[in-house]
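Reading the structure
This is what each chain is made of:
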Amino acid sequence: MLRPSHAFAALLALAVPATSFAAAAPQSFRGEYTVSYLGLSIARATFSSHYEGNSYAIDGTVSAAGLGKLFDDTKGRISSKGTISGKQMQPRAFRADYTSGKKASVVDIRFNNGAVTSTQVIPPPKKRDPKDWVPIGAGDLKSVLDPMAATVIHADSPDKVCGRTVKFYDGEMRADLTLTYASKGSISVPGYKGDTVTCKMGFEPVAGYRKGRKALNFLKNESRMLVTFAPLGQSGVYAPIRATVGTQIGPLTISARRFEAVN
């Protein structure tokens with residue numbers, strides 16, 4: 001199951017083949033988002049990213065808001081750090097600290113050369129029933145991205161944003177997420193007015209999940225998931241500006257309230 005504090009990032013998790021930033025000047029970006037369910041606001045999130053040389057750092061916050069705060073007062077801070085090697089993002093560390101009421105939880109993942117070397121989850125997951133649990137194998141955690149590293153795409157043009165797959169790991173579940181081209185358009189929000197490209201996202205659980213879960217089966221077989229990207233300046237970076245995810249009882253919508261490059 002995706003942890004509450006980084007479920008937002010996981011929904012937007014996408015592949016990140018990249019051009020090297022080694023010769024580029026330092027660049028920073030910021031996005032502010034509202035998460036709505038059935039048209040009602042349930043959460044807010046902010047994400048800031050910084051690129052310098054071949055290194056990147058992404059930090060985010062997620063908190064319940066509006067109607068969502070009545071049912072689950074979750075607040076979280078998320079971070080991801082790593083390097084860009086050739087055309088690949090390589091996370092070094094991912095951490096999510098969040099509280100839900102009086103309960104505090106942590107997810108800490110460490111990487112080396114694109115492979116997971118350790119995962120710490122506090123409190124630890126409950127014991128799984130081997131009869132219906134799909135365990136993570138030794139080869140499942142190679143060349144994977146964490147939820148934060150997977151929220152931006154580096155592409156030479158809008159035409160190359162879609163048409164990719166990511167091996168995604170959130171500290172418990174391994175899943176493959178695919179992007180295929182859907183449409184082009186335009187959008188206007190504070191900080192950005194211009195062209196966008198929309199991709200259809202597919203979901204395929206690989207390991208670290210319970211077989212027969214209705215929610216996962218719906219995401220895999222029936223849900224319509226669309227993610228719209230916009231460029232951040234002339235950096236070659238494309239970030240999500242809007243996303244919709246069909247659920248069993250209605251659509252979940254993630255939309256930018258602000259989307260901009262910053263100094």
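Structure report, in brief.

**Here we look at the packing of aromatic side chains**
- Throughout the structure, instances matching the rule amount to three aromatic pairs.
- Its end group placed over the ring of Trp133, Arg128 keeps NZ or CZ at 4.3 Å from the ring centre.

**Observations concerning the pattern of salt bridges**
- Overall, the coordinates contain eleven salt bridges when judged by the stated rule.
- A salt bridge links Asp108 to Arg95; the shortest N-O distance between them is 3.2 Å. Residue Asp108 is located in strand β6 (residues 103–112), and its partner Arg95 is located in strand β5 (residues 88–100); the two are separated by 13 residues in the primary sequence.
- Relative accessible area serves as the criterion here: at 34%, Arg95 is assigned to the partly exposed category.
- One connected set of salt bridges, linked through shared partners, spans Arg95, Asp97, Asp108 and Arg110.

**Notes on unusual backbone geometry**
- Going from Ile122 to Pro123, the amide bond is cis rather than trans, its omega being -5°.
- The residue Pro123 is located in the loop between β7 (115–122) and β8 (133–134) in this model.
- In this model, Asn113 sits at a positive phi of 55°, which is unusual for a non-glycine residue.
- Along the chain, Asn113 turns up in the loop between β6 and β7.
- Judged by relative accessible area, which is 64%, Asn113 ranks as exposed.

**Regarding the pairing of β7**
- Here seven bridges tie β6 to β7, and the two strands are oriented antiparallel to one another. Bridge pairing in β7 links Ile109 to Thr119.

**A word on the state of the cysteines**
- Throughout the structure, instances matching the rule amount to one disulfide.
- At a sulfur-sulfur separation of 1.9 Å, the disulfide partner of Cys162 is Cys199. Taking the sign of the S-S torsion, about -80° here, the bridge from Cys162 to Cys199 comes out left-handed. Of this pair, Cys162 sits in the loop between β9 (153–154) and β10 (164–169) while Cys199 is found in strand β12 (residues 192–207), placing the two residues 37 residues apart along the sequence.

Scoring rules and cut-offs
- Residues numbered from 1 in each chain as written.
- Predicted model: local features only at pLDDT ≥ 70, side-chain atom pairs only at ≥ 80, totals over all residues.
- Heavy atoms only, no water.
- Phe/Tyr/Trp six-rings, centres within 6.5 Å; stacked < 30°, edge-to-face > 60°.
- Lys NZ or Arg CZ within 6 Å of the ring centre and 35° of its normal.
- Salt bridge = Lys/Arg side-chain N within 4 Å of Asp/Glu carboxyl O.
- Helix = DSSP H or I, 4+ residues; strand = E, 2+ residues; numbered from the N terminus.
- Buried < 20%, exposed > 50% of the residue type's maximum accessible area, 1.4 Å probe, protein only.
- Pairing = 2+ DSSP bridges.
- Disulfide = S-S within 2.5 Å.

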